[in-house]
There are 2 protein chains.
Amino acid sequence: MDLDALDRELLKTIADFHGISMGAFNIRKDGKSVERKSTKNIIIEPKVDKSGINIVIAPNTKNEVVHFPVLLTLSGITDVVYNTIEVGENSDVVLIAGCGIHNPGSKKSQHDGLHEITVKKGAKIRYIEKHYGGGEGKGERVLNPKTVLTMEEDSVVEMELTQIKGVDSTVRITDAVVKKGAKLVVTERLLTHGDQEAISKMNIILEGDGASAEVISRSVAKENSKQVFKPEIVAKAKSKGHIVCDSIIMENGKISSSPAISAENPDAELTHEAAIGKIAQDQLLKLMTLGLSENEAVDVILRGFLK
Amino acid sequence: MDLDALDRELLKTIADFHGISMGAFNIRKDGKSVERKSTKNIIIEPKVDKSGINIVIAPNTKNEVVHFPVLLTLSGITDVVYNTIEVGENSDVVLIAGCGIHNPGSKKSQHDGLHEITVKKGAKIRYIEKHYGGGEGKGERVLNPKTVLTMEEDSVVEMELTQIKGVDSTVRITDAVVKKGAKLVVTERLLTHGDQEAISKMNIILEGDGASAEVISRSVAKENSKQVFKPEIVAKAKSKGHIVCDSIIMENGKISSSPAISAENPDAELTHEAAIGKIAQDQLLKLMTLGLSENEAVDVILRGFLK
């Protein structure tokens, strides 16, 4: 595999990928696939018309994991990728995406990833996407993920979207159509610091009776960073939706949170709640009386909050 | 007073005004002031450059009420009015606005009212605005109120905004700037039915330390009606804001609720919650076992909800 120690470290951080996998995977580095493996049930092929891959998961595939992380290790690169994923009926699989940027120089490094995921009838997936930026250079690290999810009848999707640290600018878009009896849970965790900016937009349409969606957003804006949240759930059927946004602001951090719920069916039940505030002083004091410094106490609280 | 029985009925409905008042008032009917009275502490004058009045309330005015309702009783009329209200320091008064449209014909009757209210240091007001549409005609009844509120230090404002029924289309805008130590509570109640549409936008800026704002929205969308809520609180200081939106949808009613909270100060505490659903079935059943018909039970629940 054409990967050095740094690449392996990034892979570990963003995809919990240790270089040895019994399952299917595709590793993309600086705009090219550097390694790919299909399995009997999970076929990964490059797209012929544009940059990216097709992942086709056979019906009834159970307990398999697919990794398809992306690494950027050059300064001044813009990598755009289109991935199409089809999860066969009654499968139960884990998809691990994620992108790590190690920008060694002074130019901007950017990754724009579009994932189209179709989850067939009765299938279940856990989709994990971590974003991380690092590197000694001062070049900007930009990540713009877009995920378009179609959930067929009675499918179940858990999405865990995390931006760990070091991403200077991000526009995150998550669109989902949830059909009859299907269930979606999206958990997003964002930490921004320095002068970083993050925008997260979600549009979830509950299209079939018995569909449900839950959006859980936890975010921390430190220093001079800014975050904007715009999750929306539209209920077009007898369905349930809930949005919870909890945010912590520190120093000059700014957060704007505007979840929207729209009921277009009289049997829809939609709720949301949001709170923005600073770290609870009583928690902080409690940890400090246990012997932690203020910084350590803050760190413990933030880790718990984003866990 | 140039008012007939119908006018008096409308006045009672929208302004709890029974034609006899010890206080200051201005009654506007079909685009003209028909009656006006100032008192020692509350001076009402017509504007010279445009349609509308200036209300100036002297400092330290206590326990006085000003009525300034608007009536439209013609079909095919568009009435635009600009009212400027200044509430002097340390006053404690009640302002009762409101508009009633009795449209007897087939043409649109529309009232656009812009209220600019400045509440001086330490003053306290209760601002009540009711909107109602009636009349045997099929002409549209349109009400577009805009209120721009400036709250100086330590002032207190309670706004009660109600759209009772019969208003075909409304765009309601409420903007407020809340300075140091000032406290704003806005309660909005909206009922729409038929093919009515209602849009309510609020923008509240918490500008000074110790400022607070609470927005309570209760709405019912019946039949084919549509409502859109966009309340926003922006905290630029050590301040507190809370938004609660509760909505009931019936038949084909549609409601979209997207409260926004933006923290631009690390000591801001902002929260919101919203829920959209139909009438709780257990409440309905309980009332029906007490002998009410389904319609009566619904009516009792809605009246309680909007009270």
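How each quantity is defined
Residues numbered from 1 in each chain as written. Chains lettered and ligands numbered in written order. Predicted model: local features only at pLDDT ≥ 70, side-chain atom pairs only at ≥ 80, totals over all residues. Heavy atoms only, no water. Patch = residues over 30% accessible without salt bridge, like charges linked within 9 Å, V, L, I, M, F, W, Y side chains within 5 Å. Areas by Shrake-Rupley, 256 points an atom, 1.4 Å probe, with all protein chains shown as cover. Salt bridge = Lys/Arg side-chain N within 4 Å of Asp/Glu carboxyl O. Lys, Arg positive; Asp, Glu negative; His and termini not counted. Charge placed at Lys NZ, Arg CZ, Asp CG, Glu CD. Helix = DSSP H or I, 4+ residues; strand = E, 2+ residues; numbered from the N terminus. Buried < 20%, exposed > 50% of the residue type's maximum accessible area, 1.4 Å probe, protein only. Contact = heavy atoms within 4.5 Å. Buried area = accessible area lost by both parts, 1.4 Å probe. Polar contact = N/O pair within 3.5 Å; in protein donor to acceptor, adjacent residues only side chain to side chain. Pairing = 2+ DSSP bridges. Least-squares fit on C-alpha atoms with pLDDT ≥ 70 in both.

## A look at a negative patch on the surface
Residues and elements named next belong to chain A. A contiguous patch of negative charge, built from Asp195, Glu197, Glu223 and Glu251, is present on the exposed surface. Checked against the element boundaries, Glu251 lands in the loop between strand E19 (240-249) and strand E20 (254-257). Look at Glu251 and you get partly exposed, because its relative accessible area is 42%.

## A look at the interface of chain B and chain A
Contacts between the two partners involve 29 residues from chain B and, on the opposite side, 29 residues from chain A. For the pairing of chain B and chain A, the buried interface totals around 2100 Å² over both sides, and the portion due to carbon and sulfur atoms is 51%. A per-residue breakdown of the area chain B buries against chain A is headed by Pro266, His272 and Ile276 of chain B, which together make up 23% of the total. Seen at the junction of chain B and chain A, the total is two salt bridges. A salt bridge links Asp267 of chain B to Lys278 of chain A; the shortest N-O distance between them is 2.6 Å. Summed over the shared surface of chain B and chain A, the result is 13 residue pairs in polar contact (both at pLDDT 80 or more). Counting only elements with at least two residues in the side of chain B that touches chain A, the list comes to strand E20 (254-257), strand E21 (260-263) and strand E22 (269-277) of chain B. Ranked by residue count, the leading element in the side of chain B that touches chain A is E22 of chain B, at nine residues.

## Things to note about the pairing of strand E8 (residues 92-96) of chain A
The sheet contact formed by strand E5 (residues 62-67) of chain A and E8 of chain A spans five bridges and is parallel. Among the inter-strand pairings, Val66 of chain A is bridged to a residue of E8 of chain A, identified as Leu95 of chain A.

## Details of a positive patch on the surface
A cluster of basic side chains, namely Lys201 and Lys230 of chain A together with Lys201 and Lys230 of chain B, defines a positive patch on the protein surface. Counting through the fold element by element, Lys230 of chain B comes out in strand E18 (residues 226-235). For Lys230 of chain B, a relative accessible area of 41% gives the class partly exposed.

## Remarks on the environment of Gly208 of chain A
Residues and elements named next belong to chain A. Residue position: Gly208 is located in the loop between strand E16 (197-206) and strand E17 (212-221). Since its relative accessible area comes to 10%, Gly208 is described here as buried. For the pair Gly208 and Val177, spaced 31 residues apart in sequence, the C-alpha separation works out to 9.2 Å.

## So, the environment of Lys32 of chain A
Residue and element names in this part refer to chain A. Within the fold, Lys32 resides in strand E2 (residues 32-37). Among the residues examined, Lys32 registers a relative accessible area of 59% and is labelled exposed. Between the alpha carbons of Lys32 and Leu71 there is a distance of 9.5 Å; along the sequence they are 39 residues apart.

## A few points about the relation of the copies chain B and chain A
Superposition of the two copies of the chain requires a rotation about an axis and a shift along the axis. Once chain B is rotated about the relating axis by 180° and shifted along it by 0.0 Å, it coincides with chain A to within an RMSD of 0.0 Å. Look at the turn and shift together and you get a two-fold axis relating the two. Closest to the rotation axis within chain B is the C-alpha of Glu273 of chain B, separated from it by 2.0 Å. Mapped onto chain A, 100% of the interface residues of chain B are again interface residues, and the two copies thus contact each other with one and the same surface.

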